[in-house]
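Fold and contact review
Letter by letter, the chains look like this.
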Amino acid sequence: MHTTVTLASRESDVIPEAPRDAGLTRRQVFTYHDLLIDVRDHAAAPGEDAAADGRATLFYDWSAGIGAARGPLHSTLIVNRMDPARKAEVAALFAELDATDFPERMGTRHRRLFLLGDVYLHLQHFEQEDGGALIDKAWVDADPRFIKICDALMPIVPPYDPAVWTTPADAIATRVHHWEAA
């Protein structure tokens, strides 16, 4: 699966109509503060002609493995800020965590990190519908590996809007549109 993420300014709650690209398997649209985030999954990488202004760059991609998903996947999108110079550092932190059994225990099946300018997008796929609840449970369980990565990320992946941020749940975008191929 190949995922593209496009950011646009959110001027209303109207979801822009979009053509069904060849090979498109799922489209999700999220809102977060002033952002409209269009996430598209394709069976294969779309051609260069599909490139668009506002497309975020994938800088980390992890999967639990072929056949790991035992049913439909549910997405959670976390939005923060990050200095682009820190991409390798952040990717290394997740690679270390994802090499353990923690993602499986948490219910994570896929993790993809994107960046556009200083907007950091952490797309996580779960088998369970409420990824936010799984993330909350990881905080409550206080697995030392989870605490370690959260502590390491806090200074380098700060909140998107610190003025309104009170808990990690404040970083989760709202999905406002979902379409999936039959």
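Data block above holds the structure.
Residues numbered from 1 in each chain as written. Predicted model: local features only at pLDDT ≥ 70, side-chain atom pairs only at ≥ 80, totals over all residues. Heavy atoms only, no water.

**A look at the packing of helix H3 (residues 131–141) against helix H4 (residues 144–153)**
When two helices pack together, you describe them by how their axes are tilted relative to each other and by the distance separating the axes. Under the convention used in this document: Angles run from 0 to 180 degrees between N-to-C directions of axes, and those axes are lines fitted to C-alpha atoms, restricted for helices to the stretch in contact. A run of H or I in DSSP counts as a helix once it spans at least four residues, and a run of E counts as a strand once it spans at least two, with each numbered from the N terminus. Under this scheme an angle from 65 to 115 degrees is roughly perpendicular, one under 35 degrees roughly parallel, and one over 145 degrees roughly antiparallel; angles in between are oblique. Contacts are assigned to residue pairs with any non-hydrogen atoms lying within 4.5 Å of each other. When residues are grouped by polarity, Ala, Val, Leu, Ile, Met, Phe, Trp, Tyr, Cys and Pro land in nonpolar, Asp, Glu, Lys and Arg in charged, and all others, Gly among them, in polar.
Where H3 meets H4, the closest approach of the two axes is 8 Å, and the angle between their N-to-C directions is 105 degrees. In terms of axis orientation, H3 runs roughly perpendicular to H4. Side by side, H3 and H4 meet where Ile-135, Ala-138 and Trp-139 of the first sit next to Phe-146, Ile-147 and Cys-150 of the second. Its residues assigned to classes, the contact of H3 with H4 shows six nonpolar, no polar and no charged.

**Observations concerning the sheet that holds strand S3 (residues 35–42)**
Note the following rule: Two strands are counted as paired when DSSP detects at least two bridges linking them.
Across the sheet, which stays open at both edges, the four strands sit in the order S1-S3-S2-S8 with antiparallel pairing between neighbours. For this open sheet the edge positions go to strand S1 (2–9) and strand S8 (174–180), each flanked by a neighbour on one side alone. In this sheet, neighbouring strand axes are inclined to one another by 15 degrees on average, regardless of whether the strands run parallel or antiparallel.

**Thoughts on the nonpolar core**
Here is the rule we go by: Only buried residues count toward a nonpolar core. Its members are Ala, Val, Leu, Ile, Met, Phe, Trp, Tyr and Cys residues joined through side-chain atoms within 4.5 Å. Buried, partly exposed and exposed residues are distinguished by accessible area as a fraction of the type maximum, computed with a 1.4 Å probe on protein chains only: under 20%, between the cut-offs, and over 50%, respectively.
Membership of the largest hydrophobic core comes to 41 residues, with the highest contact counts inside it found for Ile-37, Phe-59, Val-79, Val-90, Tyr-120 and Leu-121. Counting residues per element, this core draws most heavily on strand S7 (residues 119–126), at five residues. Beyond its immediate stretch of four places on either side in the chain, Leu-121 contacts Val-5, Leu-7, Ile-37, Ala-56, Leu-77, Ile-78, Val-79, Arg-112, Leu-113 and Phe-114.

**Digging into the pairing of S3**
Most of S3 sits out of view: eight of its eight residues are buried. Residues of S3 alternate between two faces, with Leu-35, Ile-37, Val-39 and Asp-41 on one and Leu-36, Asp-38, Arg-40 and His-42 on the opposite face, all of them buried. The sheet contact formed by S1 and S3 spans eight bridges and is antiparallel. Each residue of the ladder has a partner; that of Leu-7, found in S3, is Ile-37. If you look at the hairpin formed by strand S2 (residues 24–32) and S3, you'll find two residues sitting between the two strands, and His-33 has a positive phi there, around 50 degrees.

**What to know about the packing of aromatic side chains**
In plain terms, the rule: Only Phe, Tyr and Trp rings take part, Trp by its six-membered ring, and two of them pair if their centres are within 6.5 Å. Stacked means planes under 30 degrees apart, edge-to-face means over 60, and tilted covers everything else. We count a charge as sitting over a ring when the NZ of a lysine or the CZ of an arginine lies within 6 Å of the ring centre and within 35 degrees of the ring normal.
The tally for this structure, following the rule as stated, stands at four aromatic pairs. Each ring, one from Tyr-60 and one from Phe-94, has its centre 6.2 Å from the other, and the planes form 35 degrees; the classification is tilted. Taken as a pair, Tyr-60 in strand S4 (residues 57–63) and Phe-94 in helix H1 (residues 87–98) lie far apart in primary sequence, 34 residues in all. For Tyr-60, a relative accessible area of 11% gives the class buried. Residue classification places Phe-94 among the buried residues on the basis of a relative accessible area of 4%. Here Phe-102 and Phe-146 contribute two aromatic rings whose centre-to-centre distance is 5.7 Å and whose plane-to-plane angle is 25 degrees, an arrangement assigned as stacked. Note that Phe-102 is positioned in helix H2 (residues 102–106) and Phe-146 in helix H4, a separation of 44 residues in sequence. Exposure class is identical for Phe-102 and Phe-146. Each is buried. Directly above the ring of Tyr-160 sits Arg-81, whose terminal nitrogen or CZ lies 3.9 Å from the centroid.

**Comments concerning the sheet that holds S4**
Judged by pairing direction, the sheet is antiparallel, and its four strands sit side by side in the order S4-S6-S7-S5 without closing on themselves. Among the strands making up the open sheet, the edge pair consists of S4 and strand S5 (74–81). The sheet shows a mean angle of 15 degrees between the axes of neighbouring strands, direction not considered. Pairing between S4 and strand S6 (residues 108–116): six bridges, direction antiparallel.

**Looking at the environment of Ala-8**
Relative to the helices and strands, Ala-8 resides in strand S1. Residue class for Ala-8 comes out partly exposed when judged on its relative accessible area of 35%. Apart from the residues lying within four places of it in its own chain, the contact partners of Ala-8 are Asp-34, Leu-35 and Leu-36.

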